[in-house]
Each structure stands twice: as C-alpha cells, then as structure tokens.
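As a plain string of letters, each chain reads:
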2 protein chains.
Amino acid sequence: MDRPLDKRLVDDICIANGLRNAHELGVASIRQLVSVVSNIERETGERYIRMEQGVPGLDAEQIGVEAECEALRRGVGAKYPLITGIDPLNKAARRFIKAFVDIDIPEECIVPTVGSMQGAFATILTLSQLRKQRDTVLFIDPCFPVQKAQCRVLGVRVEAFDVVEYRGEKLEAKLEEHLSSGRISGIIFSNPNNPSWMCLTEQELEIIGRMATKYDCIAVEDLAYLNMDFREDRSRPFEPPYQPTVGRYTENCVHLLSSSKIFSYAGQRGAVVAINPGVAKRCFDDIGVRYGNDGEFRRNFIYSIVYVLSAGVTHSVQYAMAAMFDAACEGRLDFVGHTREYARRAARVKEIMQRNGFHVVYDNDCGREVSDGFFFTFGYKDMTSEQLINKLIYYGVSAIALGSTGSAREGLRGCVSNLTEDQYDEFDRRLQLFSRDY
Amino acid sequence: MDRPLDKRLVDDICIANGLRNAHELGVASIRQLVSVVSNIERETGERYIRMEQGVPGLDAEQIGVEAECEALRRGVGAKYPLITGIDPLNKAARRFIKAFVDIDIPEECIVPTVGSMQGAFATILTLSQLRKQRDTVLFIDPCFPVQKAQCRVLGVRVEAFDVVEYRGEKLEAKLEEHLSSGRISGIIFSNPNNPSWMCLTEQELEIIGRMATKYDCIAVEDLAYLNMDFREDRSRPFEPPYQPTVGRYTENCVHLLSSSKIFSYAGQRGAVVAINPGVAKRCFDDIGVRYGNDGEFRRNFIYSIVYVLSAGVTHSVQYAMAAMFDAACEGRLDFVGHTREYARRAARVKEIMQRNGFHVVYDNDCGREVSDGFFFTFGYKDMTSEQLINKLIYYGVSAIALGSTGSAREGLRGCVSNLTEDQYDEFDRRLQLFSRDY
C-alpha cells in the first residue's frame, strides 16, 4: 500500500454494515468491525493488518485433536456427557490447576462449560440468584465487554471502575467504596487483563481476596490467558513461579479456565469453572427457595443452571481437554512455550509502532513495563480512540476502541495473534504513511 | 430375578440419594432416579430394565463421526465458529428441513445451538424480552420438564394444560382461554410428544398456527423426534408424507431440530433453531430498546442472546451436522429407518406389559392408536404414579412419574432405547412377579 484506501469506498462499506456513518467505528462492536474489514478486504483486494479480534493464531494442540477423534471413534457421540464432567476431565483439570496455579480444587468442584463464555454466563446467573439483596456485579475494568453484555441479557446491575488509576494499595479503598453498599454479589476480573494486558500483582490479588472475604462477595477470576505473563517463565508444571491467583487469599472465589487460548482450541468451546470448595459447599437461602433445595452453590450451579443451558459440554471435547491438561502436567505439552509466540509478535509490533510515533496506553504494571503477550494497547499523539480508529481504517490497520472495554483512556486494543511473518514490513510502511499524514 | 430386591437396601439407597424416604421416587428428578438405580445396580449386582432416561440406544451416525474427525484434522479446532453457523451447515439444514418437513426456511434464519437445550433456552429468553406485557409461556402438556425449569431459571411465568382432554377441535377453545389474556409470548410443544408419544394432527397444528397468528404469539415447535411417528413411512427425502408442522399454518413460529435423537448424536450437543422468516425479520420495540438496536428478532436472537450463551457451537460438530443433513437429503443416511428400531422395541415392551396387566396411559391419538416409538406411557390397575414407581423399583424396573411432565394422568413414562435383546425375557419374568404380588 503506498497511499490510503479510497475514502468513499471505505465509508460506503461502513454504512452498509449498519453504522450511521464512517466515523462511528469507535462504537462499533468487534463483530461489526470484523465485518467491515472483511468487506473492505474483499472490495479492495488489500489485506489488512487485522488486530481487532482475539482469536488464536496458532494451530490447535494436536494432543486434543487426537484425543477427540479417538473418543468419537469409540462412540462417545451417542451418549449424553455427564453434566458434572467426565471423570478423566475432572481429574486432569484438578491436576492442571495444581500444576500451574498451585491451588487445590476438588474434582467435584470442577464443572465443564461450553467455553468460558458459558462459564461466565452461568456464574453471573448463579451469583444473581444467591441472595436477593446482592443485585450487582462489580467489574474491574478494562474488561471483556461481552461479560457486561451477559449482565444486560440477565438484567443484572453493573458497577465498574478502570483499575489503572487504582493499582497497588490504592485498590483497597476503591473496592471498599463499591463493596460497602452491600449490593455487590461478585467481582469480575481477568488476569492477565483483556484488553490491557496489565497483570494484577500478588499484593492486588491479596486485596481483592481480603475484600471478597470482608464483604462476603465472590471473586470471579477469568484465567483465559493463564501464565501468559511472559516476564517470568511459568512453563514448568508443579514448579514455581505459578500463575498469581486470588485463590490464595480468599475462599470466596471461582476461577474460569478456558482451552481457547492456552491450547488454541477456541473452535471447540471447552472450558471449566473451578469453584473454591468454600463457595461450592455453601448454602444460600434465596436460591434454595427458588429451586426447592438446600441452596448449595454447587448443586444449583450444576443442576439448576448449567444443566438447563446446554445439557453439558460436547462429549469428545471433554476428552480433548482431559488429554491436554494431563499432557501439560506431564511436561508433554508446553502451552506456555507455544503461546510465547504471541510475546515475540507483540514485541515486534510494539517496536514498529513506537518507531512511528505511537505509544502503549497501558504500559505500566505497578512500576514494571507490561508483559508482551496476546493483547496490547496503543494510542497516537492526542487522538481520541474514535479519531484514531476512524483514521487508521484507511491505512489498512484494524483494532478496537478501548472505550467499549470500560477503559477511561484513549486508544485502541490490538491483538497480535493474526500477524504473519510477511506482514511486519508492510505494517511499518503503513504506519510511516499514517505518521506522515498526521 | 426370582424375588423382589431387598427392601431395606433399596430404601437406604434412596435416602442416600437425597430423597427423604424410599417413597418419594414419584417426585424425584430424572437425574436423581438415574443415580438411585445406578447405585442399586452396583450394590445388588442386578441389572435393571432401565427406562427412565431418554438417551439414544443406537450408535452415533458414522457419517457425522467421520466428518467431525476430518474437520478436526483440517484444523477447525483453533478457529472460533461463526456464531451464525458455518455456511455448509446452514445450507444443509435448509435442504434437510425442505426434504423432511417440506417448509422453506432461508439459510440466514437457521442458527446452530448447543443442543436444543440451548435452542429452547435462547428462544424462551428472547420471547420474554420481545414485548414487556408478554411475560408468560404456554406449555401444551405433557412436556419435557426441563423446558419449564428453564422458565424458572429465567423468571418467566408459565401456564400449561394437559392436551389429552383437548384433542382435535376442542384444542381451539382451550388455547383461546389461555391466549386471550394477552400475556402469552409463546406456545411450546413437542411433536411427537415427549413423554406421551402422542402426535398432534394436521388439524391440531392448523389450530395452533391460526391461534398463534390471531393472538400474535410465537409457536415453538420442538421436533426432537422428527419423523418418528412410525405409523407412516416418512423416510424418503423430498417425498410425502412429511413431518406435520405448525409452519404450514402460521408465520409466527420457530422450530427446534436436534441431532441428538434423529442421528443418535446426543453426546456432541448439536442442534439448529429454524426461525420462520416472518418472525426472524420482524422488529419488536422492547428488545430493541434493551439492546440499542432496531429490535429485529433474528439480530437479537443471534447477536444479543445466542452469542453470550456460548460464543457458538463446537466447530467440528457443525461439520458433522452439515454432513448428516446432506447425507439424509441424498438418501445416504436413512435416519427414519435407523430410529425405527425404537418402534420395534416399544412394540415388544408394550406387548409384555399388557400381557402382565399393565396398560398404556396415553394410548389414543384422535381415534388412532399412538405410534410405537422412543417413549411410551404405562400404568397398572388403579395405582397412582407414585405408588407404581415406588413398587416397581423393587422389581428392577425404572421409569419416571408422569406428574413431572405436567400430565394429569397417573402412570409412568418409559423409554425403550436402552433395552437390549437379552432383557425381554427377564423383563417378562419381573412383571409376572410384580403382577403376582399386586
């Protein structure tokens, strides 16, 4: 590309995709942006530097594929999967969580879900029914916007704050400000964080855990990018350093572990929810009244809620997850090593961007530079998120505005997973063109 | 077995499974009953005649298995599946619906779901948000009880009536009685009916369709047992006779098609929701306000609701469904012929039962004898449902009480899918023992 794309053409495509004009990309959903970019690529023949979607850019782990095919040939396709999870999966997941997070979750407290999308939906739904007066979920922003969309579907009230201004010990007072109302049922956060790739520290997780205990609400820890803080090497099973977790600081917690990114297995929709036994075995009156039972969290999570969502998780996928968890525990599947490829790509992309006048928006993790990984954030001079994406789109570069993630800062989120070796030079050329124009 | 099982032992197992005493099997959930029976089998070494669960008793269709393995080896596991469905699936499903139901549903109105469990959940959820004043779902009972459980989870009001007293033209007045309140958003029914195996006739479907149009509510037709009314041969694609459907009589309808029973593919959790374009393209204000869009049914069903439930359906399973739908359309997969095995088993089971003094509870379909098929219903003399299951349990026979299905009649639902060739004689012996005792 040696000049920007035809403005008229691009603008027409934006409008054809349901945007009111071509300057609304800042509020477009990820899905709309994907559609706009795909259409522009088709119309112009120009391949974009596509960074808008968080999809695996590696092959699915072959150990999972083989286990799935084998299970299918053994005939599991005809049999309803156990809603509590097949035995090998629960055993392997327990072991995996011990090996890479170093916490103990009993097998019966591990429940497979159709991706962490279903895991989060079921968790938010359960939280909203445990205790009537707890009608609100607190998000530690920036966040994965679809989890807020789940709250909208369920009519669950949301509070949120951008954590970037409250790192370290400042987090405590901010959490108390929200939790003291007594309305918060759960605190949702991801670590590493989607979209900012900030990583909460042990100190911050201790605060979240202590506050969850103090105000008796449940911390929901989304570990989609488990051990992808590549500043330290967490690739060895059963050896420190481990993934930091709120689970070391409170019993009031639930962990979401997805195979989508760690095993590049997004297509098959496999995940587990690991419930701290302190939560799992606890009884809550309101949900007990609703379903006519003792109100036990685990019983209601599995049989009242997860069951009616999909009657379980695809049978063969449960075998795939079991095989991959076990292989990781036994050092036969180095998922940390495999996903480290994202850090290599991110380092190159950031270097090119910074050379062309861009900056990293969330650059700092309590004094340390953020890790290179799956996502990164970037801005340009004093442009707003809207201005930046609405200009970059003509230069064949796509990413999503941070506003949709609850961020208080101006900039875009990029995902490096789709970048291929042959694109870096072209990326550089496009940004040179852009920085000459602005 | 030459005498009933030890009473004390069975009773203790009931109590260990969360029942207050051994005479509560009539109100046990299917899941609890499965657990009780499995425990008794383990403790006594006696194999039950297990008829409590509706699980496929045939092998998964091999065409699906092969297509899935091939897709996995091609690498689909790493890629998020299209939330609207992969192109080959939507094309094949459209063709399949034309071939076996003889209605036209455009590809873009067909949406894959994680089993019809997710299909029903998403449909009920969508219906409940379309129009605020429509806060109730009407069930034509007897029904699959989990769909009512879904309403309980969602806080959706339920009305219901047992259709057996309102067959034929009497259905119209009964429907009007419920619909005239203006609160009904949708009418849910299955055809063939789970649990009674009654089949609604064209006349009855015409009434439901006409009433759905008149009162502007949406008929939700669960076709889990598509073309398993074996009284006529509907095995030939694109040739009559076809599956009767409400879709011939109203635009206000949605069809649920699952691969679980028709292709014995329950383990893999694949289904599609086929939305009549008259509903799919229609806009509803209240849901539009909720999600900030034009309120189109299809847009909100897919992007606001199905998306947040699981981010789509397992990628390889979509390829399996596409392959099986296509094979059925091309006469290479005779799913009607394969599932006819259930009718053969049902005929033998019913004959043995009637010879031993049992009767079929729902025996009549507007003057015709009900079809033999996957489910059947049975009673004994004037015993209540509770009495019957609480006695049969000692004779190594299990089934579920009709009460849980909204039935107004006394009796049990049995599923013949698990019966094996070597069990019929033993079944006869047990019933002889039972009928000697009662």
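Residues numbered from 1 in each chain as written. Chains lettered and ligands numbered in written order. Predicted model: local features only at pLDDT ≥ 70, side-chain atom pairs only at ≥ 80, totals over all residues. Heavy atoms only, no water.

Draft legend 1. Local environment of the packing of aromatic side chains. Residue and element names in this part refer to chain B. By the definition in use, this model includes 47 aromatic pairs over all chains. Where Phe161 meets Tyr166, the ring centres are 5.7 Å apart and the plane angle is 90 degrees; that geometry is what we call edge-to-face. Given the relative accessible area of 5%, Phe161 is considered buried. Ring centres 4.9 Å apart and planes at 80 degrees place the aromatic pair Phe374 and Phe375 in the edge-to-face group. (Phe/Tyr/Trp six-rings, centres within 6.5 Å; stacked < 30°, edge-to-face > 60°. Buried < 20%, exposed > 50% of the residue type's maximum accessible area, 1.4 Å probe, protein only.)

Draft legend 2. Looking closely at the relation of the copies chain A and chain B. In the superposition of chain A on chain B (RMSD 0.0 Å, axial shift 0.0 Å), the rotation amounts to 180 degrees. Taken together, the rotation and translation relating the two chain copies correspond to the operation of a two-fold axis. If distances are taken from each C-alpha of chain A to the rotation axis, the shortest is found for A:Cys69, at 2.7 Å. Here 100% of the contact residues of chain A are again contact residues in chain B; the copies associate through an equivalent surface. (Least-squares fit on C-alpha atoms with pLDDT ≥ 70 in both. Contact = heavy atoms within 4.5 Å.)

Draft legend 3. A look at the interface of chain A and chain B. Taken together, the contacts link 55 residues of chain A with 55 residues of chain B. Buried area between chain A and chain B, summed over both chains or domains, comes out near 4,300 Å², and the portion from carbon and sulfur atoms is 61%. Per-residue buried area on chain A facing chain B is highest for A:Tyr80, A:Val153 and A:Val308; these three make up 16% of the total on that side. Inspection of the region where chain A meets chain B yields 2 salt bridges. Across the chain A-chain B interface, the total number found is 27 residue pairs in polar contact (both at pLDDT 80 or more). Secondary structure elements with two or more residues in the side of chain A that touches chain B: helix H3 (62-74), helix H5 (115-130), helix H6 (145-154), helix H9 (259-262), helix H11 (285-291), helix H12 (297-310) and helix H13 (315-329) of chain A. (Buried area = accessible area lost by both parts, 1.4 Å probe. Salt bridge = Lys/Arg side-chain N within 4 Å of Asp/Glu carboxyl O. Polar contact = N/O pair within 3.5 Å; in protein donor to acceptor, adjacent residues only side chain to side chain. Helix = DSSP H or I, 4+ residues; strand = E, 2+ residues; numbered from the N terminus.)

Draft legend 4. Looking closely at the nonpolar core. Judged by nonpolar contacts, the single largest core of 262 residues is most densely connected at A:Phe96 and B:Phe96. With near-sequence residues (within four places) excluded, A:Phe96 lies in contact with A:Val101, A:Leu226, A:Leu257, A:Ile262, A:Phe263, A:Phe325, A:Ala328, A:Cys329 and A:Phe335. (Core = buried A, V, L, I, M, F, W, Y, C linked by side-chain atoms within 4.5 Å.)

Draft legend 5. Representation of the pairing of strand S4 (residues 157-162) of chain A within the structure. Residues and elements named next belong to chain A. As judged from the 6 bridges shared by strand S3 (residues 136-141) and S4, these two strands associate in the parallel manner. Bridge assignment links Leu138 to a residue of S4, and that residue is Glu159. Running through H6, the crossover from S3 to the neighbouring parallel element S4 is right-handed. (Pairing = 2+ DSSP bridges. Right-handed = clockwise from strand over helix to strand, strands pointing away.)

Draft legend 6. Looking closely at the pattern of salt bridges. For the structure shown, the criterion picks out 86 salt bridges over all chains. The shortest N-O distance in the salt bridge between B:Glu52 and B:Arg50 comes to 2.8 Å.

Draft legend 7. Just the domain arrangement of chain A, in detail. Residue and element names in this part refer to chain A. In terms of domain boundaries, chain A breaks down into domain 1 (7-46 + 340-437) and domain 2 (62-329). The C-alpha centroid of domain 2 is placed 29 Å from the C-alpha centroid of domain 1. Taken together, the contact between domain 1 and domain 2 spans 25 residues of the former and 27 residues of the latter. Each partner contributes to the roughly 2,200 Å² buried at the junction of domain 1 and domain 2, and carbon and sulfur atoms together form 58% of this total. Between the two partners, domain 1 and domain 2, sit 4 salt bridges. Where Arg231 meets Asp365, a salt bridge forms, and the shortest distance between an N and an O atom there is 2.9 Å. Between the two partners, domain 1 and domain 2, sit 10 residue pairs in polar contact (both at pLDDT 80 or more). (Domains from an automatic or database assignment.)

Draft legend 8. Layout of H12(A). The terminal C-alpha atoms of H12(A), which comprises 14 residues, lie 19 Å apart, in line with the 20 Å expected from a rise of 1.5 Å per residue. When you tally the buried positions in H12(A), you get 11 out of 14 residues, the bulk of the element. (Expected span 1.5 Å × (residues − 1).)

Draft legend 9. Here's a closer look at the state of the cysteines. In this structure the tally under the stated criterion is 0 disulfides over all chains. A:Cys151 takes part in no disulfide bond, and the closest cysteine sulfur, belonging to A:Cys143, lies 9.1 Å away. Its relative accessible area of 0% is what places A:Cys151 among the buried residues. No disulfide involves B:Cys217; its sulfur sits 11 Å from that of B:Cys253, the nearest cysteine. (Disulfide = S-S within 2.5 Å.)

Draft legend 10. Just the sheet that holds S4(A), in detail. Residues and elements named next belong to chain A. The 7 strands lie next to each other as S2-S8-S7-S6-S5-S3-S4, forming an open sheet whose pairing is mixed. Among the strands making up the open sheet, the edge pair consists of strand S2 (110-113) and S4. Taken over all neighbouring pairs, the strand axes of this sheet differ in orientation by 20 degrees on average, direction set aside. Here strand S5 (residues 184-190) pairs with strand S6 (residues 218-222) via 5 bridges, running parallel. Residue pairing for S6: Ile188 is matched across the bridge by Val220. Sitting on the sheet, helix H4 (residues 87-101) is in contact with S2, strand S7 (253-258) and strand S8 (271-275), with an inclination near 110 degrees to S2. Set on the sheet, H5 makes contact with S2, S3, S5, S6, S7 and S8; between it and S7 the angle comes to about 160 degrees. (Axes fitted to C-alpha atoms, helices over the stretch in contact; angles between N-to-C directions.)

Draft legend 11. Spatial organisation of the packing of H3(A) against helix H3 (residues 62-74) of chain B. Contact geometry of H3(A) with H3(B) gives a least axis separation of 10 Å together with a crossing angle of 175 degrees. Here H3(A) lies roughly antiparallel to H3(B), going by the angle between them. Every residue of H3(B) that contacts H3(A) at A:Val65, A:Glu66, A:Glu68, A:Cys69, A:Leu72 and A:Arg73 is listed here: B:Val65, B:Glu66, B:Glu68, B:Cys69, B:Leu72 and B:Arg73. Taken together, the residues that form the contact of H3(A) with H3(B) break down as 6 nonpolar, no polar and 6 charged. (Parallel < 35°, antiparallel > 145°, perpendicular 65-115°, else oblique. Nonpolar A, V, L, I, M, F, W, Y, C, P; charged D, E, K, R; others polar.)

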